[in-house]
Amino acid sequence: MTIDEIISRFSTTPFLFVGSGLTRRYLNLPDWKGLLRHFAECVRDDEFAYSSYENLAKGMECRAGIMPKVAELIQKDYDQKWFADATIRTVEGDALKLIHNGISPFKVELANYLKKVVVLNETYQSEIEKLSEISEKSIAGVITTNYDTFLEDYFRGFHKYVGQSELIFSPIQGVAEIYKIHGSIETPDSIVINEEDYVFFQEKSAYLAAKLMTIFMEYPIVFIGYSIGDSNIQSIIKSIVSCLDMEQVKQLEDRFVFIEYKEGMVGAEATPYTIMIDDKPLTMRKIVLSDFMLLFNALEGKKAKLPVRILRRFKQELYEYTITNSPTDNLRVASIEDERVADEELVLSIGRASEFGLKGLSGLESNELYRDVVISDLLYSADELLEYALPKLLQQNSGKLPVNKYLKNATKAFPEYQKIVEKQDFNSFISNTIRNNRKPLGTYTSVRQIWENEKNNLEKATRLIAYLPEEQMDVTELESILVGLFEEDVNVLQNASQSERTNIKRLIRIYDYLKWGK
């Protein structure tokens, strides 16, 4: 069975269960042993510092395994040295306040260290972009033991829950959510690393298992970034499986997929793999690969009809309405018999125009606005977009957005946006580099001429058009090209490369200015 066939058999979009191998790949972060080695050598400047702690732990009772015991020993000595020797301190400001409030210097410094040593691995930039892209519709949610913020940074619109306690006591929706069950560098005290942390985690694992049971039984689970014998995975799976009978365990067979990295592997190899959980055999699919793009491309084929962040929002709003019996800011409910509800109106509405509320527009993305400037595919009026969507979008995009079309069609006055467009002229949309050197244009003198000769290289064509001076920039020709781009691929701004996306957006701002601004 191929990787595409395995994913295609999923009944729904999967949850990812993510381990440190993923962020070692993408952020060059150390593994658990490498992290502890760094702090051991802070305690004692000796290449054998970590080995000495490991050797000591081997002769002691280890209630949660040897690594948490090693972490406990290092933490104890590090904290003592931190208070006695100011030279090893690296944190300041709010981080120091945490230590004043009783949090271990080891955990605070560890969180700070992981923030500082992050280096994005450009070798895998395309994989990172693809993972971020498919998170929108092809990944239901994420469970992770990682401390870093990679997932929340790159997964669009996902809500995170940090630590076991927050997860247990929160009304999770089971979609577009990230469960950081071992804590986060954003809250150092939540980090699960030493023996005491792990013992407490294991004592509460039954509650966590109950919370995650629905997810494990209803969603496919793709394990990525772990070794198949990882104690964290074994412990969590054991907590889940111990609650199931043999028939239910059998049902997990096609829903558990374990991704194993093998350096230099060409293509992907998929085989059944069985592990014993106490006396219960658990069979899953193991996929061995080197190129994670093979997995991400396969996952892209399994899409939800709506972005998962929208599904989560719907569930959250409906949950709050059910609990409180009161409308929320974004949800209004009226009886079908209510005379105020016309036949053509929705009885239940989330973020739609009308008396039911327009705050849903605050979730509009800039790519959608740019596209609407060209092909007018949004259902909202110019007034609604200017009032509800533009304030947040302008903040997110440093004030650079095409707004002339909406001001031209608005029925209300928007003086704050009028001030923005009054400062615009043609040169405000192009860089000093372009203004000062138009030699790359060569003999080109029109939008159409450039497009006809360079359209097979989208990046070059969209870049060169911006080099044309204002008098050669025919707005009708520019409009034809932009409309054609969206007709060929309505999501061109999501699917284009970063440089292509930048160029296209610049041309849309120029088009917006020439057609409606002048």
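Here we summarise the structure given alongside this text. (Residues numbered from 1 in each chain as written. Predicted model: local features only at pLDDT ≥ 70, side-chain atom pairs only at ≥ 80, totals over all residues. Heavy atoms only, no water.)

### Overview of the nonpolar core
Core analysis: the biggest nonpolar cluster contains 104 residues, and Phe17, Leu131, Tyr179, Leu282 and Leu295 have the highest contact counts within it. In terms of residues, this core owes the most to one element, helix 5 (residues 66–84), which gives 7 residues. Those residues within four positions of Tyr179 in sequence are excluded, and the remaining contacts are Phe15, Val142, Ile143, Thr144, Tyr161, Leu167, Ile172, Gly174, Leu212 and Ile215. In terms of nonpolar packing, the next biggest core, distinct from the first, is built from 53 residues, Ile430, Leu458, Ile465 and Ile481 among them. (Core = buried A, V, L, I, M, F, W, Y, C linked by side-chain atoms within 4.5 Å. Buried < 20%, exposed > 50% of the residue type's maximum accessible area, 1.4 Å probe, protein only. Helix = DSSP H or I, 4+ residues; strand = E, 2+ residues; numbered from the N terminus. Contact = heavy atoms within 4.5 Å.)

### Structural notes on the sheet that holds strand 7 (residues 268–277)
The strand order across the open sheet formed by 8 strands is 3-4-2-1-5-6-8-7, and the pairing between neighbours is mixed. Strand pairing shows two members of the sheet lacking a second neighbour, strand 3 (159–162) and strand 7, which therefore form its edges. Strand-to-strand twist in this sheet, taken as the mean axis angle between neighbours without regard to direction, amounts to 20°. Here 3 bridges tie strand 5 (residues 221–224) to strand 6 (residues 256–261), and the two strands are oriented parallel to one another. (Pairing = 2+ DSSP bridges. Axes fitted to C-alpha atoms, helices over the stretch in contact; angles between N-to-C directions.)

### Concerning unusual backbone geometry
Phi is positive for Asn28, which is not a glycine, with a value near 55°. Position of Asn28 relative to the elements: it lies in the loop between helix 2 (20–27) and helix 3 (32–43). At Ser376, a residue that is not glycine, the phi angle is positive and equals roughly 50°. Looking at where Ser376 falls in the secondary structure, it is placed in the loop between helix 17 (366–375) and helix 18 (382–396).

### Regarding the environment of Lys302
By secondary structure assignment, the location of Lys302 is in the loop between helix 15 (293–300) and helix 16 (308–324). Since its relative accessible area comes to 18%, Lys302 is described here as buried. When the C-alpha positions of Lys302 and Phe17 are compared, they lie 17 Å apart, and in sequence the two are 285 residues distant. If we ignore the near neighbours within four places in the chain, the residues touching Lys302 are Ile7, Ser8, Phe10, Thr12, Thr13, Lys137 and Ser138. There is a polar contact of 2.7 Å between the side chain of Lys302 and the backbone oxygen of Phe10. (Polar contact = N/O pair within 3.5 Å; in protein donor to acceptor, adjacent residues only side chain to side chain.)

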